[in-house]
Amino acid sequence: MFMEFYLLKRIKFGVIGVFIIAALSGIKLNAQTSFTESAAAFGLDLGQKKDGGHAWSDFDNDGDLDVLVLENNNNANVKSFLMRNNGNNTFSNVQSILAPGMLGDYAERQAVWGDANNDGRPDFMINSSGNSNARQAIQIFIQNTDGTFGDGIGGYNPITIGRSGSTIVVPAVNSEGVGFFDFEGDGDLDVFFDNHDMGIELLRNNFIDHTTHTVANPAPNALFTHITTGNGSGVTEFGLNQFATDGDYGTAADVNDDGWVDIFMRKRDENDFFLNQGGSFSNGADLGQAANNNKGGNGLWDLDNDGDLDAVWTENGLTQIHRNDGGGVFTPLGAASFPGLPQPGNINNGSSGARIDALSGGDIDNDGDIDIILVGNSRSYLYINQLNSPTPAPGVIGSGAAMNFALDAEQFNSGRDGEGTTMVDVDDDGDLDIYININNSANQLY
């Protein structure tokens, strides 16, 4: 849930049923790694309602990773967690000191870091639905020169996007997936977000003038412009439909290797890939259906080490890998992608017994290929990529079959509602750890 530049998925996702290990008879479980739950020792065992995401960045440029964890509670006294790494494997919440302007508003969806004003200091963005006048859909915090966050020029108030009373007013908004990307290649980070049944929206960054390619550096209230202002059936802006049936979460990356960052957004009754043609978009592949009553996750990683990004889609249809075959063509690999994972009985619009809410990818066993973790509300499923980890030749490059994954014995959030996950080297020891947002309970760090 962006961002790994594939959005570290927030990922609100639903509930998943209990899955009994005994049901995995006949499926090989490979325990290739070992983990210790350590969230309390690091100060990252954060409680509260957290059915949203988190994102990592070295925001203070001291050489270690800090983390922003979203808190979904409409209360002036309850804010999201801005956790600074103290450099000794402990974290402290510095929200009240460094981001005092953070709104006491729902932060239930995605957390994203990026340098919005090209000053070398990470900024962050958080979002909620914004589907009422009382909510802000998006808050963008620009880092001030003193290390605090707000408007980038010394103030603490964020740039906001919402239906009313916002820096940028979008009359009809219900934001879900959101992220930074440079869609027009002018050197600054623009914003995209899924606007549910109103399509996909763009906010243009005006730090660099996109026509003259010179630095403009406008005032905070003019840093972004909403450029997809149309709305309604048949309306498109920059090639993006301004209408839809459903939509939820997404990511952005160059999936067809043409040098332009594309959008991968879970949509219903339309395509899910939107291919950047140099500042405007055309429709790409349609992978599945995104039903509003069961939001899942997606992500992009090179899973077969062939140089392009493959897609993972969870829930509402099969949770499966879609292999990138070049030119914007994706081939579904079916339920065999993830052996032992419960799948929905109705693949057109159904929920599985797993209800996978979050996913992340990384080389968890340090063998040179990308492994995948899928997290739901009762347990997780860690899949070890067998490309370089087959039996009997583990660690030998290319000795295994591509797109072959084995279910690991570790389950992590057993009996707990996992709502967002990342693979990250939190203790800087050369291997990846796993952090999981747990809704209404303490987060877990393995």
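It should be emphasised that the depicted structure is a prediction, and the values quoted were computed from it without experimental measurement. (Residues numbered from 1 in each chain as written. Predicted model: local features only at pLDDT ≥ 70, side-chain atom pairs only at ≥ 80, totals over all residues. Heavy atoms only, no water.)

1. Details of the sheet that holds strand β14 (residues 224-226)
For the record, the criterion: DSSP bridges decide pairing: two strands pair if at least two such bridges lie between them. A helix here means a DSSP run of H or I that spans at least four residues, while a strand means a run of E at least two residues long, and both kinds are numbered starting from the N terminus. Lines fitted to C-alpha atoms define the axes here, with helix axes fitted over just the stretch in contact, and angles between the N-to-C directions of these axes take values from 0 to 180 degrees.
On the basis of which strands lie adjacent, the open sheet formed by four strands has the order β11-β12-β13-β14 and antiparallel pairing. What marks the edges here is a single partner per strand, and that holds for β11 (178-181) and β14. On average, each strand axis in the sheet is tilted by 25° relative to the strand beside it, whichever way the strands run. Pairing geometry for strand β13 (residues 200-205) and β14, over three bridges, is antiparallel. Bridging across to β14, R204 finds its partner in T225.

2. A word on the confidence of the model for the protein chain
Operational definition: Residue-level confidence of the predictor, termed pLDDT, takes values from 0 up to 100. Note on definitions: a residue-residue contact is assigned when non-hydrogen atoms from the two residues lie within 4.5 Å.
Taken as a whole, the protein chain shows an average pLDDT of 87; of its residues, 92% reach a score of 70 or greater. Mean pLDDT in the protein chain bottoms out at strand β17 (residues 246-253), which sits at 90, and peaks at strand β8 (residues 149-150), which reaches 98. Note on residues 1-31: pLDDT under 50 across the span, and 138 contacts to partners over four residues away in sequence or across chains.

3. Section: the nonpolar core
The line we're drawing: We define the nonpolar core as a collection of buried residues of types Ala, Val, Leu, Ile, Met, Phe, Trp, Tyr and Cys that are connected through side-chain atoms lying within 4.5 Å of one another. Using a 1.4 Å probe on the protein chains alone, a residue whose accessible area is under 20% of its type maximum counts as buried, one over 50% counts as exposed, and one in between counts as partly exposed.
Ranked by size, the top nonpolar core spans 21 residues in total, and within it M125, I138, I140, I161, F180, V191 and F224 carry the most contacts. Here this core gets four residues from one element, more than from any other, and that element is strand β7 (residues 136-143).

4. Comments concerning the pattern of salt bridges
Put simply, the rule is: The salt bridge criterion pairs a side-chain nitrogen of Lys or Arg with a carboxyl oxygen of Asp or Glu, the two atoms within 4 Å.
Throughout the structure, instances matching the rule amount to eight salt bridges. Residues R135 and E108 are paired through a salt bridge, measuring 3.4 Å at the closest nitrogen-oxygen approach. Taken as a pair, R135 in the loop between β6 (123-127) and β7 and E108 in the loop between α2 (95-98) and β5 (111-114) lie far apart in primary sequence, 27 residues in all. Under the relative-accessibility criterion, R135 is labelled buried at 19%.

5. Focus: the sheet that holds strand β27 (residues 380-385)
Read from one edge of the open sheet, four strands run β25-β26-β27-β28, paired in antiparallel fashion. The strands lining the two open edges of the sheet, one partner per strand, are β25 (358-362) and β28 (405-407). For this sheet, the mean inter-axis angle between neighbouring strands, taken without regard to orientation, is 20°. Pairing of β25 with strand β26 (residues 371-375), which is carried by five bridges, proceeds in the antiparallel orientation. Paired with G362 across the two strands is D371, which belongs to β26.

6. Examining the pairing of strand β18 (residues 262-268)
Most of β18 is tucked away: six of the seven residues are buried. The sheet contact formed by β17 and β18 spans six bridges and is antiparallel. Counted as the bridge partner of T251 is F264 from β18. Sheet topology note: the β18/strand β19 (residues 273-276) ladder contains two bridges and is antiparallel.

7. Regarding the environment of N241
Put simply, the test is: Two N or O atoms form a polar contact when they lie within 3.5 Å of each other; inside protein one atom must be a possible hydrogen donor and the other a possible acceptor, and for residues adjacent in sequence the pair counts only when both atoms belong to side chains.
Among the secondary structure elements, N241 is positioned in strand β16 (residues 240-241). N241 sits 196 residues away from N437 along the chain, and the two C-alpha atoms are 32 Å apart. If near-sequence neighbours (up to four positions away) are discounted, N241 is found in contact with M198, G199, I200, V235, T236 and E270. Separated by 3.4 Å, the side chains of N241 and E270 make a polar contact.

8. Description of the environment of T251
Topologically, T251 is positioned in strand β17. A relative accessible area of 0% places T251 in the buried class.

9. Let's talk about the pairing of β6
Here β6 lies mainly inside the structure; five of its five residues are buried. In β6, alternate side chains face the same way, and those of D123, M125 and N127 on one face and F124 and I126 on the other are all buried. For β5 and β6, the ladder comprises four bridges, and the chain directions are antiparallel. Along β6, the bridge assignment pairs W113 with F124. Where β6 lies against β7, four bridges are found, and the strand directions are antiparallel. Note on β7: the bridge partner recorded for M125 is I140.

10. Describing the side chain of S389
Mapped onto the fold, S389 is located in the loop between β27 and β28. For S389, a relative accessible area of 5% gives the class buried. Polar contacts involving the side chain of S389 include one to the side chain of D365, which spans 3.2 Å.

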